[in-house]
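# A look at the structure
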Amino acid sequence: MHLNIAESWKNILQTEFDKSYFKDLTRFINLAYKSDTCYPEKQAIFTAFNACSFEDLQVVIIGQDPYHGEGQANGLCFSVKDGVKHPPSLVNIFKELKADIQKEIPVSGDLSHWSEQGVLLLNATLTVRENTPGSHQNKGWEIFSDAVISKISKEKENVIFLLWGKFAQNKKHLLDLKKHVVLEAPHPSPLGAWRGWFGCKHFSKTNALLEGLEKPTINW
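What comes next concerns the included structure. Every chain's residues receive numbers from 1 upward, in the order its sequence appears when written. With pLDDT at 70 or above as the cut-off, local features in this predicted model cover only qualifying residues; side-chain atom pairs require 80 or more to be listed or tallied, and sums for whole chains, interfaces and linings still use all residues. Side-chain metrics in this entry use all non-hydrogen atoms of the structure; hydrogen atoms and water are not considered.

## Thoughts on unusual backbone geometry
That bond from Y39 to P40 is cis: its omega, -5°, falls within 30 degrees of zero. Under the DSSP-based scheme used, a helix requires at least four consecutive residues in state H or I and a strand at least two consecutive residues in state E, with every element numbered from the N terminus. Within the secondary structure layout, P40 lies in the loop between strand 1 (38-39) and helix 3 (47-51). Backbone geometry places F78, a non-glycine residue, at a positive phi of 70°. Of note, the phi angle at K201 is positive, near 55°, even though the residue is not glycine. Position of K201 relative to the elements: it lies in the loop between helix 8 (190-197) and helix 9 (202-212).

Structure, rendered in structure tokens:
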């Protein structure tokens, strides 16, 4: 696995790359991509970091693992490649976006434009085997993504963490709540959408918080 990750993140995370778990993870990924069809493409594994620099980071959204269907995953949580049908969770994200800030539902499900404005779209597990959700869990990715979250919490201030669903909310213990803001809602999947995802208004709330910090708002 080639560490094609932006220099700003490489400097922050170098200690993780040097640890034995990450070396074991690298060996696992290299073998998995040789023997199986895995997503996203190898060169896109660290897209979340390359699309959102550490310096520009303002908001963090945490997903679980990449979409496992052909051609879906693009290295950003909840996001799909341009031209791909929107998965159910993304459909509900866009529905809430429209209800919250009256933004028309976009044709493209690619959320890169969020990342470019300082939104880190981080999956806890960065890879997956085709048609096998969760297949690359417990291989080391969770240790890595927890370290990323902890380092953001320690080294930055006033970051807004959007924790959607129990899995993401279980990461709250990694955060310094005196320095950062956490907004919680049910997962936007069909199961969680009617339990409080719809109406959570996280997009307008995030922009109101950014305005209060005199930071640029997100053009969702």
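Now, onward.
## Remarks on the environment of Q137
Here Q137 is to be found in the loop between strand 4 (128-129) and helix 6 (141-155). Sequence separation between Q137 and E157 is 20 residues; the distance between their C-alpha atoms is 30 Å. Contacts are residue-level and defined by heavy atoms, with any inter-residue pair within 4.5 Å sufficient. Each residue touching Q137, except ones within four places of it in the same chain, is listed here: Q64, D65, T125 and E142.

## A few points about the nonpolar core
Joining through side-chain atoms within 4.5 Å is the link that ties buried Ala, Val, Leu, Ile, Met, Phe, Trp, Tyr and Cys residues into a set, and such a set is a nonpolar core. Residue exposure (1.4 Å probe, protein chains only): buried if accessible area is under 20% of the type maximum, exposed if over 50%, otherwise partly exposed. Ranked by internal contacts, the top residues of the largest apolar core, which has 62 residues, are W9, F49, I61, W114, L120, F144 and I152. Counting residues per element, this core draws most heavily on helix 2 (residues 20-35), which supplies 6 residues. Excluding its chain neighbours within four sequence positions, the residues that come into contact with F144 are L13, E16, F17, Y21, F22, F46, F49 and L126.

## Re helix 2
Expected helix span is given by 1.5 Å per residue-to-residue step, counting one fewer step than there are residues. Over its 16 residues, helix 2 extends 23 Å from the first C-alpha to the last, a length consistent with the 22 Å expected when each residue adds 1.5 Å. By the burial criterion, the buried members of helix 2 are Y21, F22, L25, T26, I29, A32 and Y33. One side of helix 2 holds all its buried residues, which, seen down the axis, span an arc of 140°. Facing away from the buried side of helix 2, by more than 90 degrees, are the exposed residues S20, R27, L31, K34 and S35. Of the surrounding secondary structure, the elements contacted by the buried residues of helix 2 are helix 1 (7-17), strand 1 and helix 6. An arc is given here, and it is the one of the directions from the helix axis to the C-beta atoms.

## Description of the side chain of E142
With respect to the secondary-structure elements, E142 resides in helix 6. Charge counting follows a simple rule: Lys and Arg are positive, Asp and Glu are negative, and His as well as the terminal groups are ignored. We count a salt bridge whenever a side-chain nitrogen from Lys or Arg sits within 4 Å of a carboxyl oxygen from Asp or Glu. This buried residue, E142, is left without a salt bridge; K171 holds the nearest opposite charge, at 7.2 Å. The term polar contact refers here to a pair of N or O atoms within 3.5 Å; inside protein, the definition further demands a hydrogen-donor-capable atom paired with an acceptor-capable atom, and it admits residues adjacent in sequence only when both atoms are side-chain atoms. A polar side-chain atom of E142 sits 3.4 Å from a polar atom in the side chain of T125. Excluding residues that lie within four positions of it along the chain, E142 makes contacts with A124, T125 and Q137.

## Regarding the packing of aromatic side chains
When the centres of two rings from Phe, Tyr and Trp lie within 6.5 Å, Trp using its six-membered ring, the rings pair. Their planes under 30 degrees apart give stacked, over 60 give edge-to-face, and anything left gives tilted. This structure, assessed with the given rule, holds 20 aromatic pairs. Ring geometry for F17 against F144: centres 5.9 Å apart, planes inclined by 25°, an arrangement best described as stacked. Linking F17 in helix 1 with F144 in helix 6, this pair joins segments that are 127 residues apart in sequence. Residue class for F144 comes out buried when judged on its relative accessible area of 1%. Each member of the aromatic cluster is reached from another via a ring pair, and the members are W9, F17, Y21, F22, F46, F49, F54, W141 and F144. Counted as over-ring charges are cases with an Arg CZ or a Lys NZ within 6 Å of the ring centre that also lie within 35 degrees of the ring normal. For K156, the ring lying beneath its charged end belongs to F54, and the centroid distance is 5.1 Å.

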